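# Geometric and topological summary
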Amino acid sequence: MSKKTYKIAVIGGDGTGPEVVNEGLKVLKTVAAQQGFAYETISYDIGGERYRRTGEILPDSIFQELEKVDAIYLGAIGDPNIKPGILEKGILLRMRFEMDQYVNLRPVVLYDPRFCPLKDKTEDDIDFIVVRENTEGLYCGAGGFLKKGTKDEIAIQESINSYKGVERVIRFAFDYARRRNKRKKVTLCGKTNVLTYAFDLWERVFYKVAEEYSDIEAEYANVDAICMWMVKSPEWFDVIVTDNMFGDIITDLGAMIQGGMGIAAGGNINPNGVSMFEPIGGSAPKYTGKNVINPLAAICALSMLLDKIGEQQAAYKVEKAVKMVVKDKLQSLSAGKMGYSTSEVGDLIVEYLSKNSN
Ligand code: IPM
Ligand code: MN
């Protein structure tokens, strides 16, 4: 039987996106050669630049091609000169919603205590993952204005929570905790004391699904308390499952305690379809084109992509290389302070992989 050639769509996007994705692609080339798998990349030019040039956001013809690949690798979308919401909704949220990428998976892993802003926390303390619902909640865009532009104006934005949507993401979280096989715990992050409809549903479904996973501990905490514990006792967490909005917020907090946006990656996952992987730091306009941005978040996103397409060993090797390079070489995880340029950090990962090929 001939071996499969993975098709990977590459969207460099805006700002520093193309620079970090380039480093990821260098790493992909190395690890593919080592592991002996074949792939082809197809680059798509979408983002702020295309929008300003042509008025197109995400043409349907491209969307249809993206629906056929094995995975999407994205750098960043966002342009300070374009009104907030246009590119985000038209590209990122469109992919998440229309490709039914219902899990936004965000690991919070500290590779080196030198880069943790929390006192006395080590690698053992910061190692959890957030499973963020990615297709519902406040992100649906349900709502509207009444009497817009007057002092009687009313703005309504509703949170949509379906039984099905909640159940599938909770189930993913329990399966993930089992596969991770670490603390074997899932924490539901909600707000049952105030959002008494939405999180009533979440909590009921959570404990019902939990019955099927007697090997996994299930616990509940309010989102405000979770923020407190993420700073005070992050070692408490293993897998956190939550809705779209809370997930958005707590994962930025998570990124900071793991060392910053330079190292924070995420996957937008449809377990049965096409998933998209990205560094979560955004387009970082002020660093664009300077070869100073940290590419490790994008390289971690690549590791997640490899895991999803079925190349677990390659994924593990890339993650290990990131960890070792962070520990042994980098002075900082922040742009311009790493002690190396963007491309040099990519080269360090390639070099580590080449020297540790077994
Ligand atoms: C993220 C981002 C997006 C979100 C924005 C850019 C729409 O902040 O991926 O977390 O809110 O989901
Ligand atoms: Mn966010």
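As the structure is a prediction and not an experimental result, all values here were calculated from the model.

What counts, and at which threshold
Residues numbered from 1 in each chain as written. Chains lettered and ligands numbered in written order. Predicted model: local features only at pLDDT ≥ 70, side-chain atom pairs only at ≥ 80, totals over all residues. Heavy atoms only, no water. Helix = DSSP H or I, 4+ residues; strand = E, 2+ residues; numbered from the N terminus. Rg over C-alpha atoms; globule rule 2.2 N^0.38 Å. Contact = heavy atoms within 4.5 Å. Domains from an automatic or database assignment. Buried area = accessible area lost by both parts, 1.4 Å probe. Phe/Tyr/Trp six-rings, centres within 6.5 Å; stacked < 30°, edge-to-face > 60°. Buried < 20%, exposed > 50% of the residue type's maximum accessible area, 1.4 Å probe, protein only. Lys NZ or Arg CZ within 6 Å of the ring centre and 35° of its normal. Axes fitted to C-alpha atoms, helices over the stretch in contact; angles between N-to-C directions. Parallel < 35°, antiparallel > 145°, perpendicular 65-115°, else oblique. Left-handed = near helix turned anticlockwise from the far one by under 90°. Near = heavy atom within 4 Å. Polar contact = N/O pair within 3.5 Å; in protein donor to acceptor, adjacent residues only side chain to side chain. 1 Å grid on protein atoms, 1.4 Å probe; cavity = no way out; pocket = protein on both sides within 12 Å on 5 of 7 lines; lining within 4 Å. Sits in = over half its atoms within 2 Å of the grid points. Nonpolar A, V, L, I, M, F, W, Y, C, P; charged D, E, K, R; others polar. Expected span 1.5 Å × (residues − 1). Pairing = 2+ DSSP bridges. Salt bridge = Lys/Arg side-chain N within 4 Å of Asp/Glu carboxyl O.

A tally of helices and strands in the protein yields eleven helices and twelve strands. Relative to the globule expectation of 21 Å for 358 residues, the C-alpha radius of gyration of the protein, 20 Å, shows essentially globular dimensions. By principal-axis analysis of the C-alpha atoms, the protein measures approximately 60 × 50 × 50 Å. A separation of at least 24 residues holds for 76% of the contacts in the protein among residues at least 6 apart in sequence.

The next thing to look at is the domain arrangement of the protein. For the protein, the domain assignment lists domain 1 (1-109 + 261-358) and domain 2 (117-257). Once you take the C-alpha centre of each, domain 1 and domain 2 turn out to be 24 Å apart. Counting residues at the interface gives 22 residues for domain 1, matched by 25 residues for domain 2. Taking both sides of the interface into account, the surface hidden between domain 1 and domain 2 amounts to around 2100 Å²; carbon and sulfur atoms contribute 59%.

Applying the stated criterion to the full structure yields eleven aromatic pairs. Where Phe174 meets Phe206, the ring centres are 5.5 Å apart and the plane angle is 40°; that geometry is what we call tilted. Here Phe206 lies in helix H6 (residues 198-210) and Phe174 lies in helix H5 (residues 163-180), a separation of 32 residues in the sequence. By relative accessible area, which is 0% here, Phe206 ends up buried. Ring centres of Phe206 and Tyr207 lie 5.1 Å apart, and the angle between their planes is 70°; on these two criteria the pair is classed as edge-to-face. An aromatic cluster of three or more residues is present, and its members are Phe128, Trp229, Trp236 and Phe237. Above the ring of Phe63, the side-chain terminus of Arg94 is found at 4.3 Å from the ring centroid. A cation over a ring is seen here: Arg132 above Tyr139, with NZ or CZ 5.1 Å from the ring centre.

All right, on to the packing of H5 against H6 then. Running from N to C, H5 and H6 point in directions that differ by 45°, and their axes come no closer than 9 Å. By the angle between their axes, H5 is oblique relative to H6. Crossing geometry of H5 relative to H6 is assigned as right-handed. Here H5 contributes Tyr163, Val166, Glu167, Val169, Ile170, Arg171 and Phe174 to the contact with H6, which in turn contributes Leu201, Trp202, Val205, Phe206, Lys208, Val209 and Ala210.

Turning next to the site of ligand 1. Surveying the vicinity of ligand 1 reveals the residues Glu88, Leu92, Arg96, Arg106, Arg132, Tyr139 and Asp248. Contact between ligand 1 and Tyr139: an oxygen atom at 2.6 Å from a side-chain N or O atom of the residue. Between ligand 1 and the protein, one listed contact pairs an oxygen atom with a side-chain N or O atom of Asp248 at 2.9 Å. When atom positions are compared with the pocket grids, ligand 1 is found to occupy the second largest pocket. Take the shell around ligand 1: its biggest share by element is three residues, from helix H4 (residues 86-98). Taken together, the residues that form the shell around ligand 1 break down as two nonpolar, no polar and five charged.

A few words now on helix H9 (residues 296-309). An ideal rise of 1.5 Å per residue puts 20 Å on 14 residues; H9 measures up with 20 Å between its terminal C-alpha atoms. Among the residues of H9, Leu296, Ala297, Ala298, Ile299, Cys300, Ala301, Leu302, Ser303, Met304, Leu305, Leu306 and Ile309 are the ones counted as buried. Following H9 by one or two positions, Gly310 adopts a phi angle in the positive range, close to 110°.

Here we have ten strands laid out as an open sheet, ordered E2-E1-E3-E12-E11-E4-E5-E10-E8-E9, and mixed in their pairing. If you trace the sheet from one side to the other, it starts and ends with strand E2 (38-43) and strand E9 (217-222), each paired once. If you compare each strand with its neighbour and ignore which way they point, the axes differ by 25° on average. Judged from the six bridges that link them, strand E1 (residues 5-13) and E2 form a sheet pairing that is parallel. By the bridge assignment, Val10 is partnered in E2 with Ser43. Contacts between helix H7 (residues 223-232) and the sheet are confined to strand E5 (127-133), strand E8 (185-190), E9 and strand E10 (239-242), with E9 contributing the most and set at about 105° to the helix.

Next up on the list: the pattern of salt bridges. Where charged atoms from two side chains of opposite charge come close, those side chains can pair. Scanning the model with the defined rule gives 28 salt bridges in all. Among the salt bridges present, the one from Arg50 reaches Asp45, with a minimum N-O distance of 3.7 Å. A salt bridge links Asp127 to Arg180; the nearest nitrogen and oxygen atoms lie 3.5 Å apart. On the criterion of sequence distance, the pair formed by Asp127 in strand E5 and Arg180 in helix H5 is long-range, its members being 53 residues apart. A residue is classified by how much of its surface remains accessible, and Asp127, at 17% relative accessible area, is buried. We classify Arg180 as buried; its relative accessible area is 17%. Connected through salt bridges with shared partners, the residues Asp45, Glu49, Arg50, Arg53 and Glu56 form a single ionic network.

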